[in-house]
Every structure is written in structure tokens, then in C-alpha cells.
Amino acid sequence: MREVLRRDASSVVEAAQAVLPSGTPELAVEIALALLVLVVGWYLSKLAVRVAGRTVARRIERPSVTRTVLRGVRLAVLLWAIGIAAGILGVGDTQILLSVTVISAVIAIVLAPLVGSLINGLYILADRPYEIGDMIEVTDAGHRGFVEDITIRYTKIFTLQNTFIVIPNSEIHARDVVNFSAEDERTRISIRLEITYDSDLEAARQAAERAARSVDAVISGGPDIRIGSARYAAAPSCYIAEYGDHGIALELFFWMNHPYKQIVVRSAVQDAINERFADIDAEFAYPRRHHVFDGSSGVARVSVDDSGFERPHANASRSPGPAGERPADPTDQ
């Protein structure tokens, strides 16, 4: 087969020299034909992707695997064109073997991280932790966005801040990744709030649940949502988290249809809670101190000046003297 290709390449070069003006160097003809083959191969690779794209997409449901297969088809066409160009230039088997050996040594020494990314890319395509279009979050880096592309070498994320992040597969495979779009996009959110001990606890819990149901993006009811072997109520639920130092801590749980606007939905629910608490006997708690005075706390004495303000007496903090006697006060004179 190689001999046939070499004879065909030689005949093509001879035919080109016959058409071109006499005296044209054979090396120049070979280089021009090799470049022409590479250009034709480039356009044929794009054409092959277009022709095979729909068939591959119908047979393979995952977009990431579809893109990888089409990239392989294009690479195969390009390698085929490169082989023909090498035959035209007269590159022999020994030279090819030497080139492969050199390239392998370079990959083993210099491009080891790239090889690691390729291997991890195969793992990602096989394990399917996320797919193109999924909303994910790299927890340790705080990056959240949509998966734009998955290749053998890297994963491209389009963040919510309108920026692109390209993470090598060798790194992202070792990180904790949260997939908000896996199978079921319904997401559970919790909001923690604290009310005073004087508030109507049951009314506050009901008002928080109604406030969450009033937001359009929140799932207001329906059948229970199953996660693994557990089932959770689809409607908003408010529970007592703890009895704190300054008030009763409540935690409101609710589900939303899509995870893409969690901050907006959370803000809308909190606005609705604030409005409903204004109409009932419920008050948000804040740090406060309650002082209790008994018989050992001394006597608090105040005086009224000309401005009408009450001012504490200078010795108001002093406790009574022995046998219940009050210390002498100059103002009593």
C-alpha cells in the first residue's frame, strides 16, 4: 500500500512538473502539492464533521461525547491528509518512526500534565458527573456557572459573572463539584430567621410558609419530592431550629423549580416574610439585655432639672449604708 502511494505521489509530481514551466525545482513542486493536500484535507475534515454530525447526534444522546467523536473524525481526516503530504515529500518509514520516538519522549517528559488531563477527560466522559448545559459549582474555588464545553483536555465553564473559566480535567477531576442540574433541577433552599420570645410562634411559622408560597418560582405544593430513599414535602415548611439567647430561631425550607436564580428567589421570599410579619404579632429578634433589680441592687434616685429631663443622682449607684441607713447627701441640706 505504501509503495502504491509513493508511486502515485511520484506520478503526481511528474505530471505537475510537466504542466509547470521547465526548470521548476522538484522540491518546490513537492512542497506546493503537500500544502495543497493539507488545505484540501482541512476542508474535507470540516465537511466530514457536517455530514456525520446529525447521524452521530442521533445515536449518542450526550453532547459532550458527540463533540468528542466528531473531533476524532476530524482528526482522522487530518491525519490521513498529513500521511499523503508526507508521502509526497518522500518521508520514509524510518523518519516517521524517529519522529514518533522523539514526540513520545517529549510527551513523557514535558507534556505529562497534558497526558494526565487527557486521561481524566476520558474518566469525566465515562463517569458523567456533569454535562454540557448543566449548572455546576466548584466549591473550593467558589466558581458557579454553566458547562459550555467538555473536551479531552479541559472543561470550559461560563460563569454567572459573564466570564469564562477553563479548568484542566486533571484539576477538576480532583475537586468537589456540585451539579445543580443533575437529573432533577428542583432545588431545596433554606432561610434561617429569629423572632422574639414575645412573638406568636405558630402565627410566625404559618406566615413564613405563606410568604414562600406567594413567590412564583417557589413550588407551592404537590406530591412529595423523593431524594434517594427519603421523601420531602414539596410545599414550604417552617420548623423551630433552636431557642437562642435573643429569640427563637426558625428555619424555612422550600423548593424552587430551577437553580439558576437562587439569590433572586431567596430575596423575594425574605421580602414577603417581612411584609407578612408586619401584619401579625411577630417581631424579628435582635441582641438585647434585660436587667433585674432586687433588694440588693441599691436605690436608684433621679432629679429633675429646669429642662424637664430626669438625670440620675450622683450617688444613685451606691448601696444603702449599715442597718438600712442611706448615706448622707449634700443635696438634702
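Below is a short write-up of the structure. (Residues numbered from 1 in each chain as written. Predicted model: local features only at pLDDT ≥ 70, side-chain atom pairs only at ≥ 80, totals over all residues. Heavy atoms only, no water.)

1. Regarding the sheet that holds strand β4 (residues 164-168)
Okay, step 1: Ordered by their spatial adjacency, five strands build an open sheet running β4-β3-β2-β1-β5, and the pairing between neighbours is antiparallel. Only two strands of the sheet have a single partner each, and these edge strands are β4 and β5 (177-179). Taking each pair of neighbouring strands and ignoring which way they run, the sheet shows an average axis angle of 40°. (Pairing = 2+ DSSP bridges. Helix = DSSP H or I, 4+ residues; strand = E, 2+ residues; numbered from the N terminus. Axes fitted to C-alpha atoms, helices over the stretch in contact; angles between N-to-C directions.)

2. Some words on the nonpolar core
Okay, step 1: Judged by nonpolar contacts, the single largest core of 23 residues is most densely connected at Leu-252, Phe-254, Val-269, Ile-273 and Phe-277.
Okay, step 2: Put simply, the parts of the chain that give this core at least two residues each are β6 (187-195), α7 (201-213), β10 (248-256) and α8 (262-277).
Okay, step 3: Residues contacting Phe-277, with those up to four places away along its chain left out, are Leu-193, Ile-195, Ala-204, Ala-207, Ala-208, Ala-282 and Phe-284. (Core = buried A, V, L, I, M, F, W, Y, C linked by side-chain atoms within 4.5 Å. Buried < 20%, exposed > 50% of the residue type's maximum accessible area, 1.4 Å probe, protein only. Contact = heavy atoms within 4.5 Å.)

3. What about the pattern of salt bridges?
Okay, step 1: Applying the stated rule across the entire model yields five salt bridges.
Okay, step 2: The salt bridge involving Arg-144 is made with Glu-137; its shortest N-O contact spans 2.9 Å.
Okay, step 3: The class for Arg-144 is partly exposed, based on a relative accessible area of 24%.
Okay, step 4: Relative accessible area serves as the criterion here: at 17%, Glu-137 is assigned to the buried category.
Okay, step 5: In this structure, Arg-175 and Glu-171 form a salt bridge, with 3.8 Å as the shortest nitrogen-oxygen distance.
Okay, step 6: Each of the salt bridges in this network shares a partner with another, and the network as a whole consists of Arg-192, Glu-242 and Glu-251. (Salt bridge = Lys/Arg side-chain N within 4 Å of Asp/Glu carboxyl O.)

4. A look at the pairing of β4
Okay, step 1: In β4, alternate side chains face the same way, and those of Ile-165 and Ile-167 are buried while those of Phe-164, Val-166 and Pro-168 on the opposite face are not.
Okay, step 2: By the bridge criterion, five bridges tie strand β3 (residues 154-159) to β4 in an arrangement that is antiparallel. Its bridge partner lying in β4, Thr-155 is registered against Ile-167.
Okay, step 3: Here β3 folds back onto β4 in antiparallel fashion, the turn holding four residues, of which Asn-162 has a positive phi close to 65°.

5. Some remarks on the side chain of Thr-159
Okay, step 1: Tracing the backbone shows Thr-159 in strand β3.
Okay, step 2: For Thr-159, the side chain forms a polar contact with the side chain of Thr-163, separated by 2.5 Å.
Okay, step 3: Residues contacting Thr-159, with those up to four places away along its chain left out, are Arg-144, Gly-145 and Ile-165. (Polar contact = N/O pair within 3.5 Å; in protein donor to acceptor, adjacent residues only side chain to side chain.)

What is shown is where atoms sit, not what they do.
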